[in-house]
Amino acid sequence: MRKYICFLLLISAIFVSCDDGRIYEKEIIIPQEGLTVKLNAQLAGAGTWSDRYSLVLAGFTNGNEYATISKVITSNIAPDGTVEVSMSGIKDNVDEVELCVINRLRKKVVTFKQILKDDFPANSDTIFMDAGKVDIGMFEAIQANVFNASCVGCHGGNGNAVKGLFLTEGKSYEDLVGKASKVDPDMLLVNPGNAQESFLPLILEEDGHISHSHMDILDAKKKSTLVTLIKDWINNGAQK
């Protein structure tokens, strides 16, 4: 019996000497698939967008206008406009990464900064997007994607403007907002808060108001999105 007790004491001593009272767990690391994009920028005008839109980092595939992956960045913008934000999980099928605005259907509305797949880093899992200073205001988006792209040829680009309406940068807002239409003096070109009573979206959608039709000046693929953008800007107060 004494030998049996001694044997038990010996076994107990061995286990006690090997156990310091802590439970060791194996560390589990779950890898994040895909690339990560890191944005650094100083943005102005984020507060001019209505809640129908989202300012995002987004990935797009094969020219598709609907975001495959996106991350809203508005809440990450500091009071001085600076923003540092990351989005992970960018898969191989993503062809471009953008700082852009999408609507509630996740469809791209306007782009402010873009990196194409050919410029993705070959030996890194991180895409650095240093956008610098960018005015992302709702009106600036209209200026760049509507007026600059389709209107200034006749409205101020050569120093002259049809009907005296300048749509060039620095002049367009003052010439539009609260100003009576010379075609239909009973309507304002832009009536803040009331797109239905504003001449600007009307002339882009309906023919017969003046001798030159404006229905075809916008890219057919983008027309509906851009006219909706103009209407939403007006209904949201036509902020600059």
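As the structure is a prediction and not an experimental result, all values here were calculated from the model.

Considering the pattern of salt bridges
And step 1. Taken as a whole, this structure holds six salt bridges when the rule is applied.
And step 2. A salt bridge links aspartate 232 to arginine 52, with the nearest nitrogen and oxygen atoms 2.9 Å apart. Placement of aspartate 232 in helix α5 (residues 220–235) and of arginine 52 in the loop between β1 (35–44) and β2 (53–60) is noted, with a sequence separation of 180 residues between them.
And step 3. Given a relative accessible area of 10%, aspartate 232 falls into the buried group.
And step 4. With a relative accessible area of 40%, arginine 52 lands in the partly exposed category.
And step 5. Here lysine 108 and glutamate 98 are joined by a salt bridge, their closest N and O atoms 3.0 Å apart. In this pair, lysine 108 is assigned in strand β6 (residues 108–116) and glutamate 98 in strand β5 (residues 96–103), connecting sequence segments ten residues apart.

So, the sheet that holds strand β4 (residues 82–90)
And step 1. Spatial ordering of the open sheet is given by β4-β1-β7, a layout of three strands whose pairing is mixed. Two strands bound the open sheet, and with one partner strand each, they are β4 and β7 (126–135). Strand after strand, the sheet turns through a mean of 15 degrees between neighbouring axes, direction not considered.
And step 2. As judged from the seven bridges shared by β1 and β4, these two strands associate in the antiparallel manner. The residue of β4 that forms the bridge with glutamine 42 is threonine 82.

Analysis parameters
- Residues numbered from 1 in each chain as written.
- Predicted model: local features only at pLDDT ≥ 70, side-chain atom pairs only at ≥ 80, totals over all residues.
- Heavy atoms only, no water.
- Salt bridge = Lys/Arg side-chain N within 4 Å of Asp/Glu carboxyl O.
- Helix = DSSP H or I, 4+ residues; strand = E, 2+ residues; numbered from the N terminus.
- Buried < 20%, exposed > 50% of the residue type's maximum accessible area, 1.4 Å probe, protein only.
- Pairing = 2+ DSSP bridges.
- Axes fitted to C-alpha atoms, helices over the stretch in contact; angles between N-to-C directions.

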